[in-house]
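Residue-level listing of the chains:
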Amino acid sequence: MTRSTERQERIEAEAADWLAALDAGHADRAVFERWRAADPAHALAFIRMDRAWRDLDQLRRGDPESAAPETAPGVAPDARAALPRRVALKAALGVAGAVATGGGIFLATQAAAHTVETAIGERSRFYVADRTCLDLNTGGRLRWWMAQGALEVELQRGELALDLPPGARACTLHAGAARFRLGAGRFNVRLRAGGIVDLATIAGEAWMLPPHGRSQETPVPERRKLVVSNGAEQAHALSEGDVQALSAWQEGEILFDGQPLAVAVAEYNRYLPVPIELAREDIGRVRLGGRFLTNDPTEFLKALRANFGIRADMRRDRILLSA
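In short, a report on the structure. Keep in mind that this is a model prediction, so the values were computed, not measured. (Residues numbered from 1 in each chain as written. Predicted model: local features only at pLDDT ≥ 70, side-chain atom pairs only at ≥ 80, totals over all residues. Heavy atoms only, no water.)

### Focus: the pattern of salt bridges
Moving on, step 1. Enumeration according to the criterion identifies 19 salt bridges in this entry.
Moving on, step 2. The salt bridge involving R36 is made with E33; its shortest N-O contact spans 2.9 Å. A residue pair is termed a helical-turn pair when its members lie 3 or 4 positions apart in one helix, as R36 and E33 do in helix α2 (residues 29–38) at 3 residues.
Moving on, step 3. When its relative accessible area of 30% is taken as the criterion, E33 is described as partly exposed.
Moving on, step 4. Salt-bridge contacts for E117 lead to R157; the nearest nitrogen and oxygen are separated by 3.1 Å. Taken as a pair, E117 in strand β2 (residues 115–117) and R157 in strand β6 (residues 150–164) lie far apart in primary sequence, 40 residues in all.
Moving on, step 5. On the basis of relative accessibility, which here comes to 37%, the residue R157 falls in the partly exposed class.
Moving on, step 6. Through salt bridges with shared partners, a single network forms among E159, R190, E267 and R270. (Salt bridge = Lys/Arg side-chain N within 4 Å of Asp/Glu carboxyl O. Helix = DSSP H or I, 4+ residues; strand = E, 2+ residues; numbered from the N terminus. Buried < 20%, exposed > 50% of the residue type's maximum accessible area, 1.4 Å probe, protein only.)

### Focus on the packing of aromatic side chains
Moving on, step 1. According to the stated counting rule, one finds 8 aromatic pairs in the structure shown.
Moving on, step 2. Seen in terms of ring centroids, F256 and F292 are 6.3 Å apart; in terms of plane orientation they differ by 45 degrees. Their pairing is tilted. In this pair, F256 is assigned in strand β15 (residues 253–260) and F292 in strand β17 (residues 287–293), connecting sequence segments 36 residues apart.
Moving on, step 3. What makes F292 buried here is its relative accessible area of 10%.
Moving on, step 4. Geometrically, the ring pair formed by F256 and F300 is tilted, given 5.8 Å between the ring centres and 50 degrees between the ring planes. Of the two residues, F256 is situated in strand β15 and F300 in helix α7 (residues 298–308); the sequence distance between them amounts to 44 residues. F300 matches F256 in its accessibility class, with the two residues each being buried.
Moving on, step 5. The residue whose ring lies beneath R131 is Y127, and the NZ or CZ to ring-centre distance is 4.3 Å.
Moving on, step 6. Of note, R181 hangs over the ring of W207, and the distance from its end group to the ring centre comes to 4.2 Å. (Phe/Tyr/Trp six-rings, centres within 6.5 Å; stacked < 30°, edge-to-face > 60°. Lys NZ or Arg CZ within 6 Å of the ring centre and 35° of its normal.)

### Quick notes on the sheet that holds strand β19 (residues 319–322)
Two strands in a sheet stick together by hydrogen bonds in their backbones, pointing the same way (parallel) or opposite ways (antiparallel).
Moving on, step 1. Strand order across the open sheet formed by 3 strands is β16-β19-β18, with mixed pairing between neighbours. In this open sheet, the two edge strands, each paired with only one partner strand, are β16 (276–278) and β18 (311–314). Geometrically, the sheet is characterised by an average inter-axis angle of 30 degrees between neighbouring strands, direction not taken into account.
Moving on, step 2. Contacts from helix α6 (residues 261–268) reach β16 and β19, with the element oriented near 155 degrees to β16. (Pairing = 2+ DSSP bridges. Axes fitted to C-alpha atoms, helices over the stretch in contact; angles between N-to-C directions. Contact = heavy atoms within 4.5 Å.)

### Re the pairing of strand β3 (residues 124–128)
Moving on, step 1. Of all 5 residues that make up β3, 4 are buried, and the element is covered over most of its length.
Moving on, step 2. Sheet topology note: the β3/strand β4 (residues 132–136) ladder contains 5 bridges and is antiparallel. For Y127, the partnering residue across the bridge sits in β4 and is C133.
Moving on, step 3. In this antiparallel pair of consecutive strands, β3 and β4, the connection spans 3 residues, and A129 shows a positive phi of 50 degrees.

### A few points about the environment of G176
Moving on, step 1. Along the chain, G176 turns up in the loop between β7 (171–175) and β8 (178–182).
Moving on, step 2. Between the C-alpha atoms of G176 and R192, which are 16 residues apart in sequence, the distance is 9.1 Å.
Moving on, step 3. Contacts of G176, omitting those with residues within four sequence positions, involve L155, L191 and V197.

### Here we look at the pairing of β19
Moving on, step 1. The pairing of β16 with β19 spans 3 bridges and is classified as parallel. If you follow E277 over to β19, its bridge partner there is L320.
Moving on, step 2. Hairpin connection between β18 and β19: a loop of 4 residues separates the two successive antiparallel strands.

And the structure:
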């Protein structure tokens, strides 16, 4: 276990203790507020713990539709009395960790449900057909099915990594208005706003299938990215840094390399239930780099403070950045 992991587990255990104490009504509120304000990691851990507990409580009641308000500081004692608090909070912590890191891996078959969705901050990795691995990123939705013994996948929202093992039959990928044929290899596809599709061929080879009325396929060779927008195609070479950035999310990380802060914040917010916002537009022009955890922006916020003097104000419904 790494030192950073030990620290995160300690902070989450402290957050669980505070939530239980507040729930029971015997916490010193002033001491709690000092603990929460002492480190952005404390406030974020408390938000995650409260959210996990609410989700666990809804599951226990069998009421997934009546979502609790997504704010943390007020804790409702009456909704939490049925389970021993410390035990239940440990369970909630386990649920939160499983969601944040993508949970387990399951083997899908034709008898399983063919639609897969992920919530904000969640990943889902599973295997279909002849051990083809599909890894769906945060806030995503896909469908898969078999057609004449071959795999077809439709990305309806978000980002997907596909790993087709050697010897696997070609897979047909649908994303927005585009269709691709994928051979054995590793691929990353993202469906952006406006129906823009990014297909990156990390290893292997892919082909963009022609629309109706055209007969020629567009090859996407190894280490290339094809961007499809309104029927137009643009191809770009992938550097080693590009490949690392594309693959980082599968390890629960996010990689920045000179992007403006406004772009970095928009990318980070894909993973966060409590969004980051900029107090002023000019702050967003700051350029930054580094590798951070997708589900915990603590080190990201610390780096902004240390390198650029940008402070994080932890509010109930957002994290406000100001200089």
